[in-house]
Each structure stands twice: as structure tokens, then as C-alpha cells.
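Each chain, letter by letter, is given below.
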Amino acid sequence: MKKDSGLVYGFSAYIIWGILPLYWKLLGNVGAVDLLFYRIIWSLLFMSLYLIVLRKVPIFVQEVKELLKSRRNTIAIIIAAIFISLNWGIFIYTVSIGQVQQASLGYYINPLLNVLAGAIYLKEPLSKQAKLASFSALTGVVLLTIQTGVFPFNSIFLATSFCLYGLTKKQLQLSSATSITLETLIIAPFGLIYLFFFSPTGFMNYSLNTNLLLMGAGIVTAIPLLLFAIAVKKLSYITVGFIQYVNPTIMLAMAIFLFHEPYALPQFIAFAFIWLGILIFVAGNFIQSRKKGLRL
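Residues numbered from 1 in each chain as written. Predicted model: local features only at pLDDT ≥ 70, side-chain atom pairs only at ≥ 80, totals over all residues. Heavy atoms only, no water.

Novice: Explain the overall build of the protein residue by residue, including any values.
Specialist: Counting its regular elements, the protein contains 12 helices and 0 strands. Overall, the protein shows an N-to-C arrangement of helices and strands of α-α-α-α-α-α-α-α-α-α-α-α. Overall, the protein is about 50 × 45 × 40 Å in size when its C-alpha atoms are taken along their principal axes. Residues classed as buried in the protein amount to 48% of the 296 residues present. When contacts within the protein are restricted to residue pairs at least 6 apart in sequence, long-range pairs at least 24 apart make up 85% of them. Surface accessibility of the protein: about 15300 Å² in total, with carbon and sulfur atoms responsible for 72%. (Helix = DSSP H or I, 4+ residues; strand = E, 2+ residues; numbered from the N terminus. Buried < 20%, exposed > 50% of the residue type's maximum accessible area, 1.4 Å probe, protein only. Contact = heavy atoms within 4.5 Å. Areas by Shrake-Rupley, 256 points an atom, 1.4 Å probe, with all protein chains shown as cover.)

Novice: I'd like a rundown of the packing of helix H2 (residues 32-53) against helix H9 (residues 208-234), residues and numbers included.
Specialist: At their nearest, the axes of H2 and H9 sit 7 Å apart, and the two run at 65° to each other. By crossing handedness, the relation of H2 to H9 is classed as right-handed. Residue-level inspection shows Leu 35, Tyr 38, Arg 39, Trp 42, Ser 43, Phe 46, Met 47 and Tyr 50 of H2 in contact with H9, the latter providing Leu 214, Met 215, Ala 217, Gly 218, Ile 219, Thr 221, Ala 222, Ile 223 and Leu 226. Looking at the contact of H2 with H9 residue by residue, the class counts come to 13 nonpolar, 3 polar and 1 charged. (Axes fitted to C-alpha atoms, helices over the stretch in contact; angles between N-to-C directions. Left-handed = near helix turned anticlockwise from the far one by under 90°. Nonpolar A, V, L, I, M, F, W, Y, C, P; charged D, E, K, R; others polar.)

Novice: Break down the packing of aromatic side chains for me, citing the residues and quoting the values.
Specialist: How two aromatic rings sit relative to each other is given by the distance of their centres and the angle of their planes. With the rule as written, the count across this model stands at 19 aromatic pairs. On the basis of an interplanar angle of 75° and a centroid distance of 6.2 Å, the ring pair of Tyr 108 and Phe 271 is categorised as edge-to-face. In this pair, Tyr 108 is assigned in helix H5 (residues 100-120) and Phe 271 in helix H12 (residues 265-291), connecting sequence segments 163 residues apart. Judged on exposure class, the residue Tyr 108 and its partner Phe 271 are both buried. With a centroid separation of 6.0 Å and an interplanar angle of 35°, the aromatic rings of Phe 153 and Phe 157 are classed as tilted. Placement of both Phe 153 and Phe 157 in helix H7 (residues 153-169) is noted, with a separation of 4 residues, approximately one turn of the helix. Taken together, the ring pairs in this structure connect Tyr 108, Tyr 245, Tyr 263, Phe 268, Phe 271 and Trp 275 into an aromatic cluster. Over the aromatic face of Phe 259 sits the side chain of Lys 25, whose NZ or CZ is 4.6 Å from the ring centroid. (Phe/Tyr/Trp six-rings, centres within 6.5 Å; stacked < 30°, edge-to-face > 60°. Lys NZ or Arg CZ within 6 Å of the ring centre and 35° of its normal.)

Novice: Which residues make up unusual backbone geometry, and what values do they have?
Specialist: One non-glycine residue, Arg 55, lies in positive phi territory at about 55°. In this fold, Arg 55 is placed in the loop between H2 and helix H3 (57-68). With a phi angle near 55°, His 260 is a residue other than glycine that sits in the positive phi range. Mapped onto the fold, His 260 is located in the loop between helix H11 (246-257) and H12. Taking the relative accessible area as the measure of exposure, His 260 reaches 62% and is therefore exposed.

Novice: Run through the environment of Tyr 93, naming residues and quoting values.
Specialist: Within the secondary structure layout, Tyr 93 lies in helix H4 (residues 71-96). Taking the C-alpha atoms as reference, Tyr 93 lies 13 Å from Leu 26; in sequence the two are 67 residues apart. In this structure, Tyr 93 is in contact with Ala 32 and Asn 154, ignoring residues within four places of it in sequence.

Novice: For the nonpolar core, give the residues involved together with the corresponding values.
Specialist: Ranked by size, the top nonpolar core spans 59 residues in total, and within it Trp 24, Tyr 38, Phe 91 and Leu 214 carry the most contacts. Looking at this core element by element, the count peaks at 11 residues for H4. Not counting chain neighbours up to four residues away, the residues in contact with Leu 214 comprise Leu 27, Val 30, Leu 35, Tyr 38, Trp 42, Met 204 and Tyr 206. In this structure, Val 115, Val 141, Phe 271 and Phe 281 belong to the second largest nonpolar core, which totals 21 residues. (Core = buried A, V, L, I, M, F, W, Y, C linked by side-chain atoms within 4.5 Å.)

Novice: Provide a residue-level description of the packing of H5 against H7, including the pertinent values.
Specialist: At a minimum axis separation of 7 Å, H5 and H7 run at an interaxial angle of 40°. With respect to H7, the axis of H5 lies oblique. As for how H5 packs across H7, the hand of that crossing is right-handed. Mapping the contact onto sequence places Gln 102, Ala 103, Leu 105, Gly 106, Tyr 107, Ile 109, Asn 110, Leu 113, Asn 114 and Ala 117 in H5 and Phe 153, Asn 154, Ser 155, Ile 156, Leu 158, Ala 159, Thr 160, Phe 162, Cys 163 and Leu 167 in H7. (Parallel < 35°, antiparallel > 145°, perpendicular 65-115°, else oblique.)

Novice: Describe H9, with residues and values.
Specialist: Here H9 is 27 residues long and its end C-alpha atoms lie 40 Å apart, about the 39 Å a rise of 1.5 Å per residue gives. The axis of H9 is deflected most strongly, by about 25°, at Gly 216. (Expected span 1.5 Å × (residues − 1). Bend = angle between axes of the 7 residues up to and from the residue.)

Function-wise, these values are silent; they only describe arrangement.
Okay, structure coming up:
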């Protein structure tokens, strides 16, 4: 039952993340920078209400007090806030310019990049399967670059920013609610300054429908993060590693069939190398877990 409920939470989180490009498309009349800061501000307000309604404010206060005792951890949460904000901003910008495929590619690459970062930064052993998977994914990225003549910077920035966000948060012992609230709280003042004094349209100077969608941006940002946090506690690493590909697969399907982005045979071949890398990565983890006697 624990695993089944974990799968529900996990798939729900990744499905919401997968269809988020549709939401940002509805806000196409809002600039990418403006949209990023609205997303952060309304996420903060939503999380504040979440803490109050579920009576988690005392836990939040206690965790913040513990965090501030360590200068290193305080700097880490600030850096984490910067990385996740960059990730959100790049994602919104990539979708706004009609490159949902690039966004999809970024989240396909991210898990493999995590493996390399773990080996380089955390000195974790890199298995033969992980090396082969990374090489296959790298081949796919190189092929895409050759075919389009343009290096997929947005995809790499998406994958890198989220990878660095994960590495930074690895040293922090915070609940998901506290972490999300703090990260948005750190960036929100900069967002308010920008929106009130530098935004071409000012603060919330849109139609009623657009303003409601902007307010909803906080909800669609926070809910999948909370669902994911619950799923991680209920599922094994292998299972989470498998279902995370639901997100970029949904985005890729939408890019091709809904947004009609160009997708020819050469691109399919390039993505095939990336999918092969993913298959090797997942299969390698599955085999290792079986050898250690673990269960999914």
C-alpha cells in the first residue's frame, strides 16, 4: 500500500510538471522575467497559507532557527534559491520562444548529469553502465548540435541548474515545505522590486483572467513539489529514477503533436541515443539493486 500511494504521488507530480508548458503558454502575453517573479511571489504566498492552514508554522520557525546557526547552511539555501529560480526562468523562457523540445531534452539529460556530478563532486563510484549511459546521451546532444547547427544551451542550462540545485540541497536537512518557502522568500523581494519599478507593464496590470492565472502559477509550482517530496519518502531510488522520465516524455509529445515543432528523422535518431542512455542507466540501477537484494 505504501508503494502504491507513493506511485500515485510520484506520477501526479511528474504529470503536472509535464503539462506545465500548457499553463505557461496561456500566459504568453506576460514577459518571461515578469512571469518568473510572479511565479516566485505567488508560490511564497501559497506556501505561507499552506504552513498556516496545516499548522506547520512552528516547525518552519524551528527549522529556520537551526539553519541560521550554520553560516554554511545559510549560504547553501541562498545558493539553492538562486539555482531553482534560474531553472524556472530558463524553463519559462524556453517554452515562451516555442522550444518545448529543448525543455524536454533538458529534463532527459538531468538524471544522467546527476550521476556525473555525483562522481565528480561527491566522489561516488561511477559504474560501467553509468559511463556508457552518459556517453550515449552525450552522443545524442552532439548529434542534435550538428543537425541544428546550434548548441542546445537552454537544455544544458536547465539540466545543469537543477543538478546544482540538488547538489546544494543535499547538505541541508529541511522539510520540503520549509525549503520551498525559504527559497521563494529569498528571491521574492527582488521580484517585487523588479515588478513595481522596472517591469514594462507594472505590477498586476493585466486583465482579470491573466491576473488569476498569474496567481495560479504559485499553486501549480508548489503542489507538484510537495507531491514529489511525499513520493520520495515512499518509493525507492530506482522507482523514482524510472518515473521521472514521465515529465520530459509528456513535454516531447506535446512539442511534436500539439505545438507542431519540427521533428524529423535526424532528431529522432539523436533522441534515440539519449533514450538508449536512459535505458542503460535505469537497467543498470535495476541490476545493481537486485544484486544487493533490494526491492522496488
